[in-house]
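# Topology and contacts: notes
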Amino acid sequence: MTGYQRAGAREFYARTVPGAQLPVLAVRDASGERTLLDPAALGTGGQHASLNAYSASPDGALVAYNLALGGGEISAVHVMDVATGKDLPDVIPDVWGEFAVSWLPDGKAFFYTQLAPPADGVDPMLHMQARLHVVGTPVERDVAILGRGVGVMPVAPEEFPRVHVPIGSNWLVARATGAHPGAPLAIAPLASLDRTGAGKTPWRMIATLAD
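As the structure is a computational prediction, the values presented were derived from the model and not from experiment. (Residues numbered from 1 in each chain as written. Predicted model: local features only at pLDDT ≥ 70, side-chain atom pairs only at ≥ 80, totals over all residues. Heavy atoms only, no water.)

Okay, the overall build of the protein chain next. Secondary structure summary: the protein chain contains zero helices and 16 strands in total. If one aligns the C-alpha atoms of the protein chain with their principal axes, the spans along those axes are about 45 × 40 × 35 Å. Across the 211 residues that make up the protein chain, the buried fraction comes to 44%. In the protein chain, the proportion of contacts linking residues at least 24 apart, taken out of those at least 6 apart, comes to 37%. Counting only carbon and sulfur atoms, one obtains 55% of the accessible surface of the protein chain, whose full area is about 10500 Å². (Helix = DSSP H or I, 4+ residues; strand = E, 2+ residues; numbered from the N terminus. Buried < 20%, exposed > 50% of the residue type's maximum accessible area, 1.4 Å probe, protein only. Contact = heavy atoms within 4.5 Å. Areas by Shrake-Rupley, 256 points an atom, 1.4 Å probe, with all protein chains shown as cover.)

Below is the structure:
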């Protein structure tokens, strides 16, 4: 069992059963344990599927999971209703697989880090963006919060911009991870989050790589 998360009255974890090649996503609640997702049953076109990361909403009602095909690290985010085990229409492509989404405290939206839009001559690993998705709305309406061309916190082209809200906190935390041992950090009040895409969230730097 790996990746244990507790959300609301539910416990989530990845479990590898004897003889299996890939772990399944399982949940345990008052009704017992059940499998939510078995990647081995989801491969298409001769490619196997794998579960790269997942994150349950704070109340445990939803779980967002990163699914990749063919053993790749580039994934798509899917959102599942835990009670029914059914996926919602929300599907977000081109995310870096190991980065699980970060839910807002109300469980209605989450942050994710997306690769650069596909285009000739574009390296998708450069100029990523941290974006905000509201569950139940078209992905095309998602707004950029941090990264390429948005936000006052500096993010180098090769860095991974990430935003999350620590459990029980009223603060946003932004960081830019990459091929260096540290990560620049910035904070902003959760209430000040700019949801328009104009990049006006008032980030305040609290640590740089020099620190």
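The next point concerns the side chain of His133. Looking at where His133 falls in the secondary structure, it is placed in strand β11 (residues 129–134). Those residues in contact with His133 that sit more than four places away from it in its chain are Asp90, Ile92, Lys108, Ala109, Phe110, Tyr112, Val139 and Asp142.

What follows concerns the nonpolar core. Among the nonpolar cores identified, the biggest contains 19 residues, and Phe111, Leu132, Ile145, Val163, Leu172 and Trp203 are the most heavily contacted of them. At the level of secondary structure, the elements contributing two or more residues to this core comprise β10 (109–114), β11, β12 (143–147), β14 (171–177) and β15 (185–189). Of all hydrophobic cores here, the second largest spans 18 residues; its members include Ala7, Tyr13, Leu37 and Met80. (Core = buried A, V, L, I, M, F, W, Y, C linked by side-chain atoms within 4.5 Å.)

Sheet strands pair via backbone hydrogen bonds, and the direction of the pair is either parallel or antiparallel. With respect to topology, four strands assemble into an open sheet ordered β13-β14-β15-β16, the strand pairing being antiparallel. Single-partner strands in this sheet number two, and they are β13 (160–164) and β16 (204–207). Sheet twist, expressed as the mean angle between neighbouring strand axes with direction ignored, is 25 degrees. Where β15 meets β16, three bridges bridge the pair, whose relative direction is antiparallel. By the bridge assignment for β16, Ile187 is matched with Arg204. (Pairing = 2+ DSSP bridges. Axes fitted to C-alpha atoms, helices over the stretch in contact; angles between N-to-C directions.)

Glancing now at the pattern of salt bridges. A full pass over the atoms with the stated rule returns six salt bridges. As a salt-bridge pair, Glu33 and Arg15 come within 3.6 Å of each other at their nearest N and O atoms. One end of the pair, Glu33, is in strand β4 (residues 32–37); the other, Arg15, is in strand β2 (residues 10–15), with 18 residues separating them in the sequence. Residue classification places Glu33 among the partly exposed positions, given a relative accessible area of 40%. For the salt bridge of Arg28 with Glu33, the shortest nitrogen-to-oxygen distance reads 3.8 Å. (Salt bridge = Lys/Arg side-chain N within 4 Å of Asp/Glu carboxyl O.)

Turning our eyes to something else, we now look at the pairing of strand β7 (residues 74–81). With six of eight residues buried, β7 is to be regarded as a mostly interior element. Here strand β6 (residues 62–69) folds back onto β7 in antiparallel fashion, the turn holding four residues, of which Gly70 has a positive phi close to 70 degrees. Relative to strand β8 (residues 86–96), β7 runs antiparallel, the two being bridged by six bridges. Paired with His78 across the two strands is Val91, which belongs to β8. Where β7 folds back onto β8 in an antiparallel hairpin, the turn is made up of four residues, including Gly85, whose phi is positive at roughly 75 degrees.

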